[in-house]
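# Understanding the architecture of this molecule
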Amino acid sequence: MAGAALTTDALRRHAIARSLFAPQALPAAVRRLGFVQADPLRAPARAQDLILFQRVRGYRAGDLERGYERLGLEEDAFVNYGFVPRSLFGLLHPRAPRRPWDAATARRASEVLAFVRERGVVHPRDVGEAFAHHGRVAGYWGGELNASTRLLDQMHHHGWLRVRRREGGTRLYEAMQHPAHEDSPAARRARAEALVDAIVNLYAPLPAASLGYLVTLLRYGAPHLAVEARAVAKAARQRYGHAVVDGTAWFWPADENPASRRHRPADAVRVLAPFDPVVWDRRRFKLLWGWAYRFEAYLPAARRTMGHYALPLLWGEQVPGWINLRMQDGRLLPAPGFVSGRAPRDPAFRRGLDEELARLEVCLSGYARPT
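Residues numbered from 1 in each chain as written. Predicted model: local features only at pLDDT ≥ 70, side-chain atom pairs only at ≥ 80, totals over all residues. Heavy atoms only, no water.

### Remarks on the pairing of strand β10 (residues 248-252)
With four of its five residues buried, β10 lies for the most part within the structure. Sheet topology note: the strand β8 (residues 206-207)/β10 ladder contains two bridges and is antiparallel. Residue L206 lies in a different strand from β10, and its bridge partner there is F251. Sheet topology note: the strand β9 (residues 241-245)/β10 ladder contains five bridges and is antiparallel. Note that in β10 the partner of H242 across the bridge is F251. Where β9 hands over to β10, the hairpin turn is made up of two residues, of which D246 adopts a positive phi near 50°. (Buried < 20%, exposed > 50% of the residue type's maximum accessible area, 1.4 Å probe, protein only. Helix = DSSP H or I, 4+ residues; strand = E, 2+ residues; numbered from the N terminus. Pairing = 2+ DSSP bridges.)

Right, here's the structure in full:
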């Protein structure tokens, strides 16, 4: 497509319409996305629940975890940590980590693996008790944790274990053995192409710099295919639709037309997770909406400008601001902020926000369901 035929407005509409598709059943929505990023913070809902709330009919918070075992999903690393269909999971393994274990760690991992195989499904607490002699290590976010807990996480990443399910938010593991793949150059290239295709499918339209950055992040999930993935990114103009708009090169799946008049975002207000595919790429966000959105949950309170867990507010095809939310006595208490310093004057915005918050309250009632 020639760059002159495309505008930033069209790219913005394409980005919204292709990602915020009509709500469908949970399995279909996850397959269509290809990856749902996970985050443990619940403010007022976990990222994965907020993402699916916008795309699944009648979604209730926690439905993903409750249905995990029957949905054909895996928790694993892709460009970030989250939930992937097994078709994508198979492309990520066998994984050859960038930093192999030393002999002592490999020996401890083998002992833990034998313990897991003997019991079938294990809780980290049980492993911690059985291997208390492994000692303690520094936690990711401060404090200490059992060394065996850290080792379980590493064994999961190395592909020795898989997450069978969660109980109360805690991962329960079972042993996993991945089938070998053909390792010819052509087969490795094909796997890398499929993984980069999944990235483009999820986050398009993508500025060239963002595509490169996401391929770099793919080293988290597929470090053994880093060379091949970079080669796919370098050949993006031969594989994907592309155009230069206002000096920026953009990419999208080859069978899509960003300029199509069918891309008409719904005239509604949507509360989006910080990791929602529509707003995940901060570079793209600024190009499409003209202001810099920041996720500040891990910043000291004194340095925050938007709040602890600012959720972008999409209204039609505009993002006029953000909102922080907390639950009190079963009701959502909103604290919005706006780029212009005040809310849009159109009464439709206020009505749309009220309707969205009412929908979200229903979604959050899912956390009270048994897992």
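### Digging into the sheet that holds strand β11 (residues 269-271)
The four strands lie next to each other as β11-β12-β13-β14, forming an open sheet whose pairing is antiparallel. Single-partner strands in this sheet number two, and they are β11 and β14 (331-338). Along the sheet, successive strands turn relative to each other by an average axial angle of 35°, direction set aside. (Axes fitted to C-alpha atoms, helices over the stretch in contact; angles between N-to-C directions.)

### Concerning the side chain of R284
Looking at the secondary structure, you find R284 in helix α13 (residues 282-289). The buried charged residue R284 lacks any salt bridge partner; its closest oppositely charged side chain belongs to D281, at an N-O distance of 5.1 Å. Within the structure, the side chain of R284 is placed 3.2 Å from the backbone oxygen of P205, a separation counted as a polar contact. Polar side-chain contacts of R284 include one of 3.2 Å to the backbone oxygen of P277. What R284 contacts, discounting residues up to four positions off in sequence, is A15, Y203, A204, P205, P207, S210, W250, P277 and V278. (Lys, Arg positive; Asp, Glu negative; His and termini not counted. Salt bridge = Lys/Arg side-chain N within 4 Å of Asp/Glu carboxyl O. Polar contact = N/O pair within 3.5 Å; in protein donor to acceptor, adjacent residues only side chain to side chain. Contact = heavy atoms within 4.5 Å.)

### Focus on the sheet that holds strand β3 (residues 81-85)
Spatial ordering of the open sheet is given by β1-β3-β2, a layout of three strands whose pairing is antiparallel. Each edge of the open sheet is held by one strand with a lone partner, namely β1 (36-37) and β2 (73-77). When β2 meets β3, the two strands line up antiparallel, connected through five bridges. Residue pairing in the sheet places E75 in a bridge with F83 of β3.

### Focus on the environment of L287
By secondary structure assignment, the location of L287 is in helix α13. Here the alpha-carbon distance between L287 and P334, two residues 47 residues apart in the chain, equals 27 Å. Residues within four places of L287 in sequence aside, it is in contact with T8, P207, T248 and W250.

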